[in-house]
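Architecture and fold: a report
Here are the chains, one letter per residue:
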Amino acid sequence: MSYQFKNSKWQARKKELKSRRQSQSRKFNNAQIQIINSAFNYLSIEAPPSLKPAKKYCDITGFEAKYKDPITQLSYCDSIVFNYIRNCPKASAETYLNIRVFTQKLIS
């Protein structure tokens, strides 16, 4: 009995998939060899600058900061820290900014 919707020439493609996997693993191995042979790798200290943007950290807690206060320019991570920043004296906010500048100078 023959059905119109079935293709009589259809076969499983297990061998094709296996050859694809093998070719992908060969490409991966070739890429690893190129990385090892290149001048910039994890084993050398010299490397190009990162393409990802630098992470910003909360000036008060040290957690990753998602927000920045428009008045004091301090980075903060949540609403509790934001309330602290708004209620603290201006001199302490300037001190936090000075600490950030000094740490950026030390890192770079």
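This one's a predicted model, so the numbers in the text were calculated from it and none came from an experiment. (Residues numbered from 1 in each chain as written. Predicted model: local features only at pLDDT ≥ 70, side-chain atom pairs only at ≥ 80, totals over all residues. Heavy atoms only, no water.)

Some thoughts on the overall build of the chain
In terms of regular secondary structure, the chain is built from three helices and two strands. In the chain, the succession of α and β elements from N to C terminus is α-β-β-α-α. Looking at the 108 residues of the chain, the share that counts as buried comes to 13%. For the chain, the accessible surface area stands at approximately 10400 Å², while carbon and sulfur atoms represent 58% of it. (Helix = DSSP H or I, 4+ residues; strand = E, 2+ residues; numbered from the N terminus. Buried < 20%, exposed > 50% of the residue type's maximum accessible area, 1.4 Å probe, protein only. Areas by Shrake-Rupley, 256 points an atom, 1.4 Å probe, with all protein chains shown as cover.)

A closer look at the state of the cysteines
Applying the stated rule across the entire model yields zero disulfides. The thiol sulfur of Cys58 is not disulfide-bonded, and the nearest other cysteine sulfur, from Cys77, lies at 4.1 Å. Of the residues examined, Cys58 reaches a relative accessible area of 5% and is grouped as buried. (Disulfide = S-S within 2.5 Å.)

Observations concerning the nonpolar core
The nonpolar side chains of a soluble globular protein tend to be buried with one another. Among the nonpolar cores identified, the biggest contains nine residues, and these are Cys58, Ala65, Leu74, Tyr76, Cys77, Val81, Ile85, Cys88 and Ala93. Aside from chain neighbours lying at most four places away, what touches Cys77 is Cys58, Thr61, Phe63, Glu64, Ala65, Lys66 and Tyr67. (Core = buried A, V, L, I, M, F, W, Y, C linked by side-chain atoms within 4.5 Å. Contact = heavy atoms within 4.5 Å.)

Some details on the confidence of the model for the chain
Residues at a pLDDT of 70 or more form 54% of the chain, whose mean pLDDT is 76. When the elements of the chain are averaged for pLDDT, helix α1 (residues 14-37) gives the smallest value, 61, and helix α2 (residues 79-87) the largest, 94. (pLDDT = per-residue confidence, 0-100.)

Let's talk about the pattern of salt bridges
If you walk through the whole model with that rule in mind, you get two salt bridges. A salt bridge links Arg100 to Asp59, with the nearest nitrogen and oxygen atoms 2.6 Å apart. Note that Arg100 is positioned in helix α3 (residues 90-107) and Asp59 in the loop between α1 and β1 (67-68), a separation of 41 residues in sequence. Relative accessible area serves as the criterion here: at 18%, Asp59 is assigned to the buried category. Arg86 is the salt-bridge partner of Asp69, the closest N and O atoms lying 2.8 Å from each other. (Salt bridge = Lys/Arg side-chain N within 4 Å of Asp/Glu carboxyl O.)

What about the UniProt feature "domain: Vps72/YL1 C-terminal" (unreviewed entry) in the chain?
Using the residue numbers shown here, the UniProt feature "domain: Vps72/YL1 C-terminal" (unreviewed entry) corresponds to residues 56-85. Counting secondary structure, residues 56-85 comes out at 23% helix and 13% strand; the distance between its end C-alpha atoms is 17 Å. (UniProt positions renumbered as here; feature names shortened; annotations may be inferred.)

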